Structure formats: C-alpha cells, structure tokens
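# Observations on the three-dimensional arrangement
Read off the chains here:
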Amino acid sequence: MLSALLVMAGIAVVLGAMLGFASVRFKVKGDPLVDKIDAILPQTQCGQCGFPGCRPYAQAIAKGEAEINQCPPGGEEGIRKLADLLGKEFKPLSVEHGVEKPKQIAFIDEALCIGCTLCTQACPVDAIVGAAKQMHTIVAPLCTGCELCVSPCPVDCIAMVPVPETVETWKWKYPVVQIKVAGHA
Amino acid sequence: MLATLFKFRGGIKPDAHKDESTRTPIAAAPLPARLVVPLRQNAGSAPLALVGPGQKVLKGERIGAPEGNFSAAVHAPTSGTVLAVEPRMLPHPSALSAPCVVIESDGEERWIERTPVDYAAESPDALRDRLRDAGIVGLGGATFPSHIKLQPGAAGRIGTLVINGAECEPWITCDDMLMRERAAGIVRGIGILRHIVSAERVLVGIEDNKPQAIAALRAAAAQAHGIEVVPVPTRYPAGGEKQLIRVLTGIEIPYGRLGTEFGVQCFNVGTAYATHRAIELGEPLVSRIVTLAGNVARPGNWEVPIGTPIDALLELAAPQAGTDRYIMGGPMMGFTLPRTDLPVTKAANCILAASPALFPPQGPEMPCIRCGACTHACPAELQPHELYWFARAKNFGKAQEYHIFDCIECGCCAYVCPSNIRLVDYYRFAKTSMRALEREKAAADAARERFEFRNVRSEREAKEKAERLAAKTAAARQAMAGGGQPAGTTPSVPAAPTTTAEAAAPLPQLDEAKRALIAAAIERARAQKEAVQPKNIDNLAPEKRAEIREIEARRAQVRELAKTPPEEPV
Amino acid sequence: MNGSPHLHLPVSVRLVMFKVLAALVPGIAVYVWFFGAAILVQIALASAAALAAEAALLRLRGKPVALFLTDGSALVTAWLIALTFPPIAPWWLTVTATLFAIVVAKHLYGGLGQNPFNPAMVAFCVSIVAFPALMTQWPAVGFTDFSAQMAVVFKSQSAQDAVTMATPLDALRTQLHVPEARATVAGILGSHASFGNIGGKGWEWIALAYLAGGLWLLQQRIITWHVPAAFLVTLALIAGGFSLGEPDRFAGPVFHIVTGGAMLGAFFILTDPVSGATTPRGKLIFAAGAALLTWIIRSFGAYPDGMAFAVLLMNLCVPLIDMNTQPPVFGRKAQQREKPHD
Ligand code: SF4
Ligand code: SF4
Ligand code: SF4
Ligand code: SF4
C-alpha cells in the first residue's frame, strides 16, 4: 500500500517536473498583445469597427474598450481567433458594424474619372494612383476592399467588384463524409 | 552495367490494365473543326495572347508568348482563323475558366516555316530559349517548363539525367506506345537534353511490365553512347519523379528542392520526344499522345492536336453503356472531368471512361482506426493518418509540421485505407487552404505596412503644415511688429491634397436641374470616352499590342462585373 | 466531388476485425481442450452484451447502426474480454465488464477509432479491482465438465476449492510474498502437475496457438512485427536476467512468456491499432514499455497479471511516444539528422 502510494507520488513528481521543464524550455517569447490582435485582424483598414483602422481597434481590444465582434471583414473566423487568443466567449458579429461579405476590390471607370483626387485621400493603403485633373486607377493587388473611396467620388465612378476565383486561387472543398449510407443494408 | 537498383519505401501494386490499349498502334486523331487552346498549359505564369479575333494563324504559329522565364509558349495546333480569345472552362477539377484561344481550322494544316537546327552547334542557352519558345513542358502531367529544369543550379552541373518511361499508373499507356513506336526520336531527344546539361550518364527507367518498350528503347539506344535502359520493378508510384530518381540513383530529393541541386534531373520520355521534334524538326509542341481507355469499345492511343474537344476524342473510342463519368489522367491521380466538351491540354495523358464496374464506388467513410496501412503504403514516408487528423481538424500548423507539403498526392494511402477515408481529398483541402491563408497573410501584411506608412506620412505632412503656419504667423507678427510689409521669405503653401476639397463640397448644394445636367454630361463623357480607340498602337510590337488587348479585355470584363453599361470596346 | 484515387483495395474495417477474430480461433480451440467449453459460453455472453451495447450507443449517438455494428470491432473487444477473464467467472461479471468496456471505454470517448485505452483491458482492470476473488478463480485441471462449469457461471454458486485453483501467476505472487513460507519458484511451479515446465499441460499450448494466430496476422499484414517482437524479447530479457540472478525469487523467461495474458497480449491486445503507438520506433518503445511494466507488476505488484495494467499505462503514453518518434520523411533523412530542430 505504502509503496504503491510512494510510486504514484514519485511518478507525479517526475511528470510534474517534466511538464515544468517543458513549459520553460518551449516557452515562446510573445509579441505584445496588441501585435497579436493586430495580426489576426484582416488589415482591410475600413473603419467599420468604429476605429480609424485595424491597429487602433486592436489597441482598443487590448485595453478592453472594444468588443471582439466588431470587424465585419474578419468575419466569424476572425472573431473565433480573437476569442481563442483572449480566452473570451465567441459571439456573433455585431450587426451594427456591418455584415460579412466576400472580398471585393474597387474599380474606377476610368472613362468617367474627373481627376479630383478625393479617392486617393480616402484610400487607407495608397492603392489608388493618379494626379490632380488626371485619370485615377486602382492598383488591384493593393486594394483591400475597404470601400472608403466609393462615397467620396463626386461622379460615382467607383464600383466594388467581387474578386473572381481563378484556377490558382481555387480551394479544394472540405471533403463531405457521407454517413447516410447505412452499411450494406 | 548498372550495379544496383535502390528501393523506395511504400507503394502499391494495383492491376495494371495496360494490355487493352496497347493492341493497336498510335493513330492520328482527326482534326476537329474548332480547337480551344488554353493559354496557360504550364506550371508557372500564364503566357500572354499574341493573337486577336479574326486573325489568321498557321500551324505551329505562336499564339501565346511566355510571360517571364517561368512560362512556356503556346502554339496554334493547326492553321485557321482565331475566333475569339476569351475565358473558357478548363479541364481542371475546379471547373473554372481561364483565357483560351478559339481557332476555327481551315483543314489545310499549313505549317509555319520550320527551322530545324543542329543542336550540337548551338549553345545550351540558345537551346533552352528554343525549348521555351517551342512550348516544351513536362508531358508526364506536371507540365513543368522543361527549360527551367535544364538550368544549371547553384550547386553546379547535372551529372545524371533520368528519363522517365516508368508509366506506373494503371491504364495509361501513352508513354509505352511512344517508346515502342518512336524510340529513335526519344533517343535523339535524350541526346539534346544531355547536350544542354552535358550530363555524363543517362538512365532510362522503364517498369519491367513493358518488355516491348524496353527492347525498342534498348535497340535505339545501342547507337547512342552512355544511355542505359534500366528495367525497374513494377510498383506504383515508381514513375513518380522523386521515386524514379531514388530507384535509379539512390538520391532522395526532398520537397521544395530541385533535382539540379543534387546533380540529377528527370524528364518524361514524351518530353524527350517533343524536344527532338522541337529542335531537330522545328515543330513546336502542338500535339500529344493520349490514351483512351476504360469502359470503351475501342481503347487505344491517339496523337491528338492540343485543343481538341474531349468529346470528339471519345467518339473515337466509343464509350460503352454504364460509363458514369470521365477521368482525365489515371485512376490514381486523375480527376473527374466536370464536362466533356473541354479541350485536350499538354497535361492530358489519358482519358478514362469510368463505370461502377471498373471503378467500384467506395464504401462509406469510417473513422480512422490507426491501422497503419497508409503509413506502409506512403512513398513519401509520411504518416498519412496523422496528416488526415490534422487536416480534418483544420489544424494547418500541425499538418505542416508533419510535412503535408511533402505529400505527392499519389493516392496510395487512400487506396489501402480500410476505413475508406478520402485521405488525399483532405490533403488537397488543407494544402489549398494553407496556400490561400498564406496569400491572405501576405496581403494583410502588405496592407498593414502601407497603412502605417501612410499614417506616418500624413502625420509628417500635418506637422510640416503646422510648422509652416507657425512660421507664417511668426513672420506676420514680426512684420506687424516691424510695421512693414509681410516678409517675402514665407514659403508658399501648396498643401496639395486639400486643394481639391472644394470640388466635392459644392455638389450637395446643387439643385435638381443642375444635377440632371451634370448626369447628362457624365453620360456623354462616358459614351465618348468608351468609343475612343487606343491610339498610336500601330507601330507597336505584337507583344505590346497583345498586352494592350489583354488589358482592354480585362477592363471590359471588370466593367461587366461592376454592372456599368456593357459597351465593350472592340 | 471526390478526387483521386478512383481505385481502392477491397478492404474494410470489417475485414480487418474479422481477420483478427479468425486468428483467435486456434487459441480458443486449445483453450476449450484444456479448460472446457465454458469459455465458449463466455464468448457468446460477451459478444451478445457488446453488440447490444454497441447498437444502443450507436442509436443514441445518431450514428448509422448497421454500418458500425457490423464492423466487428465490438466483437474483438468482447472476445478479448472473454479470453482474459476466468472461464468460470459468473455470467454477470462478464456481461457487466463488457458493457463497461463498450459504453465507457469506447463510446464515451467517441467510438470506433477514438478510444485512447484498450476497452477490453479497461474492463479487465476495473473487474479485477472490484472483484479480485472472482477474477482469480480458474478451473482446476480436470474440471472440464460442462454442466458443472455452467453451474458455477450461472448459479453464481461460489466455486468449490475442489474445482478451482489459483493461476500459476497468482500462486507465485501470493506465496513468494510471504517470507515465512520460504517458497521458491521451482517449488511452487513444480508442485502442481499442470504448471510450469515446457511441454506441460495447459498454458504453453494455448500460448502456442495464439502465436500461430498472431503469425498469420503478421503474414496478412494486419499487424507488424514490432509490437510482438519488442514485447516478447523485452519480457524474456528482463525475466531471464532476474531469474539468472535469483532463480528462487524470479520465474524464468519461458514461464513469463507462456503464462497469463502475455502471448495474447503480444499479438492481439498490444497490437490494437487504435490505442497503440503507430510509428515503428514508437511501437518498439510502446511494447517494450508494456513488457517492462508487465514484469514489474507481475513480480512486485498487488495483482497477479500485470498485462492489463501495463497496457493501460502504455496507452497513456502513446501520444507522447508517437509525437517523439515521427520517422523522417522522404528526402529529409540526412537533413533531419543534421539539425533535428528544423
Ligand atoms: S473593421 Fe475594418 S478597420 Fe476595423 S479591424 Fe476590421 S478590417 Fe480593420
Ligand atoms: S474620386 Fe472619382 S473622380 Fe475623383 S479621382 Fe477618384 S475616381 Fe476620379
Ligand atoms: S489506412 Fe486509413 S484507417 Fe488505417 S491508419 Fe491510415 S487513415 Fe487510418
Ligand atoms: S497521397 Fe500523400 S500521404 Fe498518401 S501515400 Fe501518397 S504521398 Fe503519402
């Protein structure tokens, strides 16, 4: 009896020591919390969360001043990751901040552009090129789809277009497990 | 003589089914009335279209120019007229579309001027360029541009060339028949490849279930020096590039590294043959051998012009009742074709008519019982059940840790799994998702950087402006204090971004009538500008013109997407 | 849409499980020869209980009943339980233990393929802790009369000393642990005609029959050599070493290998893929660890056969073992040897 207890205790001590060692040994040096949150946010910089960009929102979350469900471009998955990171409950996207939609990018109908440069000023990531009184255009790979340039345009020549899927960007579907088949019966 | 063969671990031995389609010689497939040639038929970047609708093309004329070095040209498979350059559905599991050149054949098969060259007199660089411009890509199915593989690596020379005639997948016999019938051409092609990299050794690996091919190639290689034809044990996937290199040389090339780094490179026999045609006959790659097999009345091999619709081919083979789908490629790695009116591409080595009798549907998927059968079968020496576990749980980090990208998607694991798990589908899902995530992350990082840069810049601008303002006030005050004129030293304030603010401001205050006027003006401008043709393009090189055309096409497409009036420029 | 491969071997979980069952048949036959037909009744009882529990649980969990019920995994668990329990254990013990194995050890953990512990061994351990006396009463040699055995099994009349005896392992444990008895291994084992020496009646023959079944499984590639070899070799080495040193206190290697659950364990229990290690090196460590623990528990522990406890303890270590024994993948062998942290 006693020896069994001793053995148990011994094993527990050894395992505990191993765990402790492992946690010290494999500890990852962490980024500050704000960076970790910012890394999860999609960097669309659209301001729908109520903050002027992703980083300010990340700072607000880190300070506990904002909820984790305010970023529509990040969507459910983003909220889930934030919840994981911060050890919080998942909650659905708050509707007042917007809805999740597939990624789009802006397109300027160059025939109409009057070169007012308003869109360049609105663009948070400098994805629009052009000069005063000259035609403007979107540098598509840089556009985050934030839609901030759409409303300032006085001639309404900016439209959001969905990003089409190509053979290169196409994703294989998650395999569906058919369970309905009840054996050979 | 070669001393020893090496072994690769894992592998399976499915029924070969090679006899059915090797009873008749390779026949030329009839020329279809219309061909659809996808521009992108190579791994790497898609070529740019060189032709436009209405243009006449000759057989072998370039219709797509390689875009950058990691690309290969595309050619008209016959003479005729270009009907359109537009997105068409590709033979790809995604069933997505990509730009294709549609050619109406004139039935004359008129070639461009062919310029055969003597390869011995050419420099390796010139030959590589020729291969790129002749559209030579790996014909085993991977369509990796061949000239890239022939580049000497940082580690130096390619001492050993491995020529892949293993053709390990069941049912496929296009390489087998090619070796039987055109061994001389293959050996000449091998000679060119060897010349380019100045390899000392050439090993041709052929599975030992193809005695005729081995004999034919041995006979043809007898004249050439230093080409050894080596029968390798029949075991799928002995024809996997890495597996064959391992069997013949003992070298293992890990994922993400090139054979060149290890002094060895591998080419398919079909590629060697195409190389011979491209260099010594001046004929670019415009056709390939395709095996038609499975549930068909007349299985066989056909030489098919690239771009031929698959249903036209199927007529030749006469699919039988019970066929429920068609597979492009073999039964181990091929995919179910979304439709059959899709074109034959350089990757299409086989079209299989599948029936439930030949390829019985799998039983229902059960949980993994960790039986280890998959581990035994995996030629990449992975732990497929662990990968499955992580992929299924979308634990991509772990999947990567367990080397999911080393998986060659050979399908051995799923073949042996008693639980009927579609393992490879899970890996494909995980791999493509991970690549998408990586792209997203790169984009997000770039956006973050640009956003931060922009913030810094606007801060700086604001500060500069404030300073200027302060300087100005100070100067004014000074002037006032001095009782004289304003100081001439005040810097002018351009404040570029703010000047146009007034353009937007007045708009809301306009009344209805004016707004209508503006709208009408906008409409006019739109109509006018869209009618305008691009100017000064007559003297441009065809490549440039093609580029312009492509951009215009893209614009038109995007405009359509944006649902603005669909007035396409020509 | 389903991707490649479009070809599949005609294999199934059912086939694997039924091959395991088939491989047990020779062992069972010899068992019946030596200990009577009661074991067949036990197997039937356990099978019925396992199938009933499996069906009920599958229905409860909303899984396709017909598919999973016929996969044979519940039967394997049931047979192993019956074969490790005394053939004259009361019927209710076999049934309860089987129910426990299926309900708690298998389905509460997620069913087929998900259980971290071998269900049969969980049942064995729980039973031996709860009913040590019932779990150690074995029919004496010659007590093979079927109706008499059935009387013990079903009327739960406590078995008479005349018809039961302690297993050799049990005898060793109880007698060697009493210093005053001055018992020696040779003395104990030699004092029973049926025990012990090679060629004697009973255990050795059953063990040989299990071995034959196990070898067939090997040939069928249902199992690999790693687990049985590592287990038997380790057990033989340890037992051999100690019995050479102190032959009076420690039984020899042959005894350890042919007695109790060792042979059954080596080929049928430790090779359970679900709860065992999967990498080649992992299997070796897993089985060697089980052998070591088996010997320790047999020689020093409070329970006669350490096999079951050893299996569970090693099951516990499987994730750790597997994680740390991942074999290098194709093309990365040299690289991994150079820098293991890559
Ligand atoms: S809502 Fe927009 S700005 Fe806010 S965190 Fe999300 S992407 Fe960034
Ligand atoms: S806001 Fe509109 S009109 Fe002004 S520059 Fe941008 S696209 Fe042109
Ligand atoms: S073959 Fe299937 S059941 Fe067996 S371990 Fe692999 S994935 Fe699991
Ligand atoms: S598909 Fe991938 S994991 Fe499966 S056997 Fe082939 S290489 Fe291994």
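Residues numbered from 1 in each chain as written. Chains lettered and ligands numbered in written order. Predicted model: local features only at pLDDT ≥ 70, side-chain atom pairs only at ≥ 80, totals over all residues. Heavy atoms only, no water.

### A closer look at the overall build of chain B
How we decide: Note on conventions: DSSP H or I runs of at least 4 residues are helices, E runs of at least 2 residues are strands, and numbering of each starts at the N terminus. Three exposure classes are used, based on accessible area relative to the maximum for each residue type with a 1.4 Å probe and protein chains only: buried under 20%, partly exposed in between, and exposed over 50%. Only heavy atoms enter the contact rule, under which two residues are in contact if any of them lie within 4.5 Å. The Shrake-Rupley method, run with a 1.4 Å probe, gives the accessible areas here. Residue values count only the displayed protein chains as cover.
Each helix and strand in chain B was counted, giving 16 helices and 17 strands. Split into buried and exposed, the 570 residues of chain B put 52% on the buried side. Of the contacts made within chain B by residues no fewer than 6 positions apart, 72% connect residues no fewer than 24 positions apart. For chain B, the accessible surface area stands at approximately 25300 Å², while carbon and sulfur atoms represent 56% of it.

### Some points on the sheet that holds strand β4 (residues 56–57) of chain B
Neighbouring strands of a sheet are bound in pairs by backbone hydrogen bonds; such pairs are parallel or else antiparallel. Residues and elements named next belong to chain B. Quick note on the threshold: In this scheme, strands are said to pair when DSSP sees at least two bridges between them.
Pairing is antiparallel in the open sheet, where 4 strands are placed in the order β2-β8-β7-β4. Among the strands making up the open sheet, the edge pair consists of β2 (34–38) and β4. Pairing between strand β7 (residues 80–89) and strand β8 (residues 97–105): 9 bridges, direction antiparallel. Bridge pairing in β8 places Arg 88 opposite Ala 98.

### Side note on helix α6 (residues 241–249) of chain B
All names here are of chain B. Across the 9 residues that make up α6, a large majority, 7, are buried. Where α6 is concerned, the buried positions are Gln 243, Leu 244, Ile 245, Arg 246, Val 247, Leu 248 and Thr 249. Remark: Gly 250 follows α6 within two positions and exhibits a positive phi of approximately 85°.

### What about the domain arrangement of chain A?
One frequent convention defines the size of an interface as the accessible area lost when the parts assemble. All names here are of chain A. For clarity, the cut-off: Throughout, the edges of the domains are those of an automatic or database domain assignment. Note: buried area is the sum, over both parts, of the accessible area (probe 1.4 Å) each one loses when the two are combined. One speaks of a salt bridge when a side-chain nitrogen belonging to Lys or Arg is within 4 Å of a carboxyl oxygen belonging to Asp or Glu. Polar contact is defined as a pair of N or O atoms within 3.5 Å, subject to the rule that within protein one atom must be able to donate a hydrogen and the other to accept it, and that residues adjacent in sequence are counted only when both atoms are side-chain atoms.
Partitioning chain A into domains gives domain 1 (32–97) and domain 2 (104–162). In this complex, domain 1 contributes 4 residues to the contact, which on the side of domain 2 involves 6 residues. Three residues stand out in domain 1 for area buried against domain 2, namely Thr 44, Gln 45 and Cys 46, and they jointly supply 90% of the buried area on that side. Our count for the domain 1 to domain 2 interface comes out at 0 salt bridges. Seen at the junction of domain 1 and domain 2, the total is 1 residue pair in polar contact (both at pLDDT 80 or more).

### Some remarks on the packing of aromatic side chains
Stated formally: The rule is short: rings of Phe, Tyr and Trp, with Trp giving its six-membered ring, pair when the centres are within 6.5 Å, and they are stacked under 30 degrees, edge-to-face over 60, tilted in between.
The final tally for this structure, using the stated rule, is 20 aromatic pairs over all chains. Ring geometry for Phe 242 of chain C and Phe 250 of chain C: centres 5.2 Å apart, planes at 65°, overall edge-to-face. On the basis of relative accessible area, Phe 250 of chain C is assigned to the buried category, the value being 6%. Ring plane angle 40° and centroid distance 4.4 Å describe the contact between Phe 242 of chain C and Trp 295 of chain C, whose orientation is recorded as tilted. Of this pair, Phe 242 of chain C sits in helix α11 (residues 226–245) while Trp 295 of chain C sits in helix α14 (residues 280–300), and the two are 53 residues apart along the sequence. Residue class for Phe 242 of chain C comes out partly exposed when judged on its relative accessible area of 39%. Put simply, the rings of Tyr 174 of chain A together with Tyr 388, Phe 396, Tyr 426 and Phe 429 of chain B pair up and form one aromatic cluster.

### Quick look at the site of ligand 3
Applicable threshold: It suffices for a single heavy atom of a residue to lie within 4 Å of a molecule or strand for the residue to be listed as near it. Think of it as three bins: nonpolar holds Ala, Val, Leu, Ile, Met, Phe, Trp, Tyr, Cys and Pro, charged holds Asp, Glu, Lys and Arg, and polar takes everything else, Gly as well.
In the vicinity of ligand 3 there are 13 residues, among which Cys 368, Cys 371, Gly 372, Cys 374 and Cys 417 of chain B approach most closely. When the residues that make up the shell around ligand 3 are grouped by side-chain class, the tally is 9 nonpolar, 3 polar and 1 charged.

### As for the site of ligand 4
Residue and element names in this part refer to chain B. Taken together, 13 residues sit near ligand 4, with Cys 378, Cys 407, Cys 410, Gly 411 and Cys 413 positioned nearest. Every element with two or more residues in the shell around ligand 4 is listed here: α12 (412–416) and α13 (423–482). Looking at side-chain class alone, the shell around ligand 4 contains 11 nonpolar, 1 polar and 1 charged residues.

### A short note on a positive patch on the surface
Note the following rule: A patch consists of residues whose relative accessible area exceeds 30% and which take part in no salt bridge; residues with like charges are grouped when within 9 Å of each other, and nonpolar side chains (Val, Leu, Ile, Met, Phe, Trp, Tyr) when within 5 Å. This count recognises Lys and Arg as positive and Asp and Glu as negative, with His and chain-terminal groups excluded. Where a charge lies is defined by one atom per residue type: Lys uses NZ, Arg uses CZ, Asp uses CG and Glu uses CD.
Taken together, the side chains of Lys 171 and Lys 173 of chain A together with Arg 435 and Arg 439 of chain B define a basic patch exposed on the protein surface. Relative to the elements of secondary structure, Lys 171 of chain A occurs in the segment after β4 (158–162).

### Digging into unusual backbone geometry
The step from Tyr 236 of chain B to Pro 237 of chain B runs through a cis peptide bond, and the omega angle for that step is -5°. With respect to the helices and strands, the residue Pro 237 of chain B is situated in the loop between β11 (227–232) and α6. That bond from Ser 4 of chain C to Pro 5 of chain C is cis: its omega, -5°, falls within 30 degrees of zero. Of note, Pro 5 of chain C is situated in the segment before α1 (13–35). One non-glycine residue, Lys 394 of chain B, adopts positive backbone phi at about 55°.

### Considerations on the pattern of salt bridges
Within the structure shown, the criterion is met by 43 salt bridges over all chains. Note that Arg 114 of chain B and Glu 283 of chain B form a salt bridge whose closest N and O atoms lie 2.9 Å from each other. In this pair, Arg 114 of chain B sits in the loop between β8 and α1 (124–133) while Glu 283 of chain B sits in the loop between α7 (269–280) and β13 (287–294), placing the two residues 169 residues apart along the sequence. Look at Arg 114 of chain B and you get partly exposed, because its relative accessible area is 35%. The closest approach of N and O atoms between Arg 132 of chain B and Asp 129 of chain B, which form a salt bridge, is 3.8 Å. Linking Arg 132 of chain B with Asp 129 of chain B, this pair stays in helix α1, spanning 3 residues, or about one helical turn. Taking the relative accessible area as the measure of exposure, Arg 132 of chain B reaches 19% and is therefore buried. Looking at Asp 129 of chain B, the relative accessible area reads 37%, which means it is partly exposed. Through salt bridges with shared partners, a single network forms among Asp 35, Asp 38 and Arg 55 of chain A together with Lys 441, Asp 445 and Arg 448 of chain B.

### Re the interface of chain C and chain B
Across the contact, 39 residues belong to chain C and 54 residues belong to chain B. Roughly 3900 Å² of surface becomes buried between chain C and chain B when both sides are summed, with 57% attributable to carbon and sulfur atoms. Area buried by chain C at its contact with chain B is led by His 6, Leu 7 and Phe 330 of chain C, which between them contribute 22% of it. At the boundary of chain C and chain B, one finds 2 salt bridges. A salt bridge links Asp 322 of chain C to Arg 370 of chain B; its shortest N-O distance comes to 3.4 Å. Linking chain C to chain B there are 18 residue pairs in polar contact (both at pLDDT 80 or more). Contributions of two or more residues to the side of chain C that touches chain B are made by α1, α3 (65–69), α15 (307–324) and α16 (333–338) of chain C.

### Notes on the nonpolar core
Residue and element names in this part refer to chain C. The cut-off we apply is this: As used in this record, nonpolar core signifies buried Ala, Val, Leu, Ile, Met, Phe, Trp, Tyr and Cys residues forming a set joined through side-chain atoms within 4.5 Å.
If you look at the biggest cluster of nonpolar residues, it comprises 90 residues, and the most contacted ones within it are Leu 24, Leu 83, Tyr 210, Phe 231 and Phe 268. Ranked by the residues each element gives to this core, the list is headed by α1, at 11 residues. For this core, the two domains that each supply at least three residues are domain 1 (10–163) and domain 2 (166–324).

### A word on the pairing of β13 of chain B
Residues and elements named next belong to chain B. Most of β13 sits out of view: 8 of its 8 residues are buried. Side-chain alternation along β13 places Ser 287, Ile 289, Thr 291 and Ala 293 on one buried face and Arg 288, Val 290, Leu 292 and Gly 294 on a second face that is also buried. Sheet topology note: the β13/strand β14 (residues 300–305) ladder contains 6 bridges and is antiparallel. Following the sheet pairing, Arg 288 is matched in β14 by Val 304. If you look at the hairpin formed by β13 and β14, you'll find 5 residues sitting between the two strands. Bridging between β13 and strand β17 (residues 350–354) involves 4 bridges; their strand directions are parallel.

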